[in-house]
Amino acid sequence: MSKSRVVVTGMGALTPIGNTVEETWKNAVAGVSGVAQIDAFDTTDHRVTIGARIRDFNVEEHFPSKNAKRYDEFIQLGYASAVQAIEQSGIHLSNNRSNVGVAFGSGIGGIRMICTQHQVLLERGPRRVSPFFVPSSIVNMIAGQVSIDYGFGGPNISIVTACTTGCHNIGVGVRMIQCGDATGMIVGGAEWSTCPLAIAGFASMKALSTRNDEPERASRPWDRDRDGFVLGDGAGCLVIESYEHAAARGAEILAEIVGFGMSADAHHITGPPEDGKGAIAAMQRALADASMNPEEVHYINAHGTSTPLGDIAETKAIKAVFGEDCAIPINSSKSMFGHLLGAAGAVEAIVSIQTLRDQRAHPTINLEVPDEECDLDFIPKEARDISAEYALSNSFGFGGTNGTLIFRKV
């Protein structure tokens, strides 16, 4: 039995380089960095003082609920990206909302709310903890609030798989449509983790760049002098539907999702295996799901975090799948807006779709002297016109969880 075709009809994004898909894409092509000194809290005693934060975000412009400000910022961002995508798609105007679902996650969730309410507990006592604390910080509240406000009665879930969260929510949403659980899904990921505890925690792991004096140059995937990733905030959302459902209501189709693959490294809680075996499996499974040969992929949006081990492992994995002489143009969006954790896979899926639509790939900024072991075509410094029908997007997360999506130009 053939699988249902699944298409994208709406996209929404808030990132450190733009509060819409259009603004984010324009700045990505221009190579604009969203990394800067953190001024939201005192970083005096912190090892890392830089991050990629959302700018000029007014929740009341995006979130109609009267309780918007009671929600942790990751929920505010996720909901706002969903509103953008839903409005573009027009799916909320359909008479079939009972069969539309939501799959929207976060890698960490409401860490800022947890920290602030814990401080309330310590300083003012248990009776002063907000009654909104739990619903304001739990991961599934983006999906829940979107479902409530739009009347979407289909599956309502939140997959949490660290930095693969956005990718996995999209992929599982595709599967739900293909198996008949829904005719459409609102899918994505969100994160707002540039708070004191998260910065301190990642810094203690020595996962973050300490290039505090040059924030815009700190995220430098595949560069010889990379020293870790930059923590960022953001959200990305796609509206996906069965082709039949989208066509029947006359929706504009932005792209088709043709492949999805998952795997586990089964190796280490944070570090990838040297040979990239888990990444290899995810890419191969996505290709098999799409019934594609490797040579049909024309562009790769890599995970590309700017970590010493991760960048080499992904390079080796790409070579294993596409050949030692792989000439596919590859870039890293994280070079500009840092690592958005649970939102990364969703935002990078949007970047991949925009690349196909415009036939133009954004640069990997700060790639000045490539690592000798990172010797593929990583589109350094300047955007490039490309000819691509298919795009592949990778996401890998702590715990050794991997995901790959493949998109087709329409």
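Here the structure is shown first, and the text comes after it.
Conventions and cut-offs
Residues numbered from 1 in each chain as written. Predicted model: local features only at pLDDT ≥ 70, side-chain atom pairs only at ≥ 80, totals over all residues. Heavy atoms only, no water. Helix = DSSP H or I, 4+ residues; strand = E, 2+ residues; numbered from the N terminus. Buried < 20%, exposed > 50% of the residue type's maximum accessible area, 1.4 Å probe, protein only. Contact = heavy atoms within 4.5 Å. Areas by Shrake-Rupley, 256 points an atom, 1.4 Å probe, with all protein chains shown as cover. Lys, Arg positive; Asp, Glu negative; His and termini not counted. Charge placed at Lys NZ, Arg CZ, Asp CG, Glu CD. Salt bridge = Lys/Arg side-chain N within 4 Å of Asp/Glu carboxyl O. Polar contact = N/O pair within 3.5 Å; in protein donor to acceptor, adjacent residues only side chain to side chain. Phe/Tyr/Trp six-rings, centres within 6.5 Å; stacked < 30°, edge-to-face > 60°. Core = buried A, V, L, I, M, F, W, Y, C linked by side-chain atoms within 4.5 Å.

### Details of the overall build of the protein chain
Scanning the protein chain from terminus to terminus reveals 12 helices and 14 strands. Along the three orthogonal principal directions, the C-alpha set of the protein chain runs to about 65 × 55 × 40 Å. Per-residue burial for the protein chain yields a buried fraction of 64% across its 410 residues. Here the contacts in the protein chain between residues at least 6 apart in sequence split such that 78% fall between residues at least 24 apart. With the model as given, the accessible surface of the protein chain reaches about 15800 Å², and the carbon-plus-sulfur share is 50%. Of the charged side chains in the protein chain, 33 are positive and 47 negative; the average position of the first set lies 5 Å away from that of the second.

### Describing unusual backbone geometry
The backbone phi angle of alanine 266 is positive, close to 50 degrees, even though this residue is not glycine. Looking at alanine 266, the relative accessible area reads 72%, which means it is exposed. The backbone of leucine 341 shows a phi angle near 50 degrees, a positive value even though the residue is not glycine. Along the polypeptide, leucine 341 turns up in the loop between helix H11 (334-337) and helix H12 (344-358).

### Things to note about the side chain of glutamate 314
With respect to the element layout, glutamate 314 can be found in helix H10 (residues 308-322). Of the buried charged residues, glutamate 314 lacks a salt bridge, with lysine 334 as the closest side chain of opposite charge at 7.2 Å. Of the polar contacts made by the side chain of glutamate 314, one reaches the backbone nitrogen of glycine 304; its length is 2.9 Å.

### What to know about the packing of aromatic side chains
For the structure on display, the rule yields four aromatic pairs. With centroids separated by 6.3 Å and ring planes inclined at 45 degrees, the aromatic side chains of phenylalanine 202 and phenylalanine 398 adopt a geometry described as tilted. Separated by 196 residues along the polypeptide, phenylalanine 202 in helix H7 (residues 196-204) and phenylalanine 398 in the loop between strand E13 (390-397) and strand E14 (401-408) bring together distant segments of the chain. On the basis of relative accessible area, phenylalanine 202 is assigned to the buried category, the value being 10%. Ring geometry for tryptophan 222 against phenylalanine 378: centres 3.7 Å apart, planes inclined by 10 degrees, an arrangement best described as stacked.

### Quick word on the pattern of salt bridges
Opposite charge on two side chains permits pairing when their charged atoms draw close. In this structure the tally under the stated criterion is 21 salt bridges. Its salt-bridge partner being glutamate 256, residue arginine 5 comes within 3.0 Å of it at the nearest N-O pair. With arginine 5 in the segment before strand E1 (6-14) and glutamate 256 in strand E8 (residues 255-264), this residue pair connects regions lying 251 residues apart in the sequence. The class for glutamate 256 is buried, based on a relative accessible area of 7%. Between glutamate 368 and arginine 220 there is a salt bridge whose closest N-O contact spans 3.0 Å.

### Notes on the nonpolar core
Formed by 44 residues in total, the largest nonpolar core has its most connected members in Val8, Met11, Ile170, Met185, Leu238, Ile240 and Ile257. If one sorts the elements of this core by residue count, H12 sits on top with eight residues. With residues up to four places along the chain from it excluded, the contact list for leucine 238 reads Val8, Gly10, Met11, Ile170, Met185, Ile186, Val187, Ala349, Ile350 and Ile353. By size, the runner-up hydrophobic cluster in this structure holds 32 residues, among which are Ala80, Ala82, Val102 and Val146.

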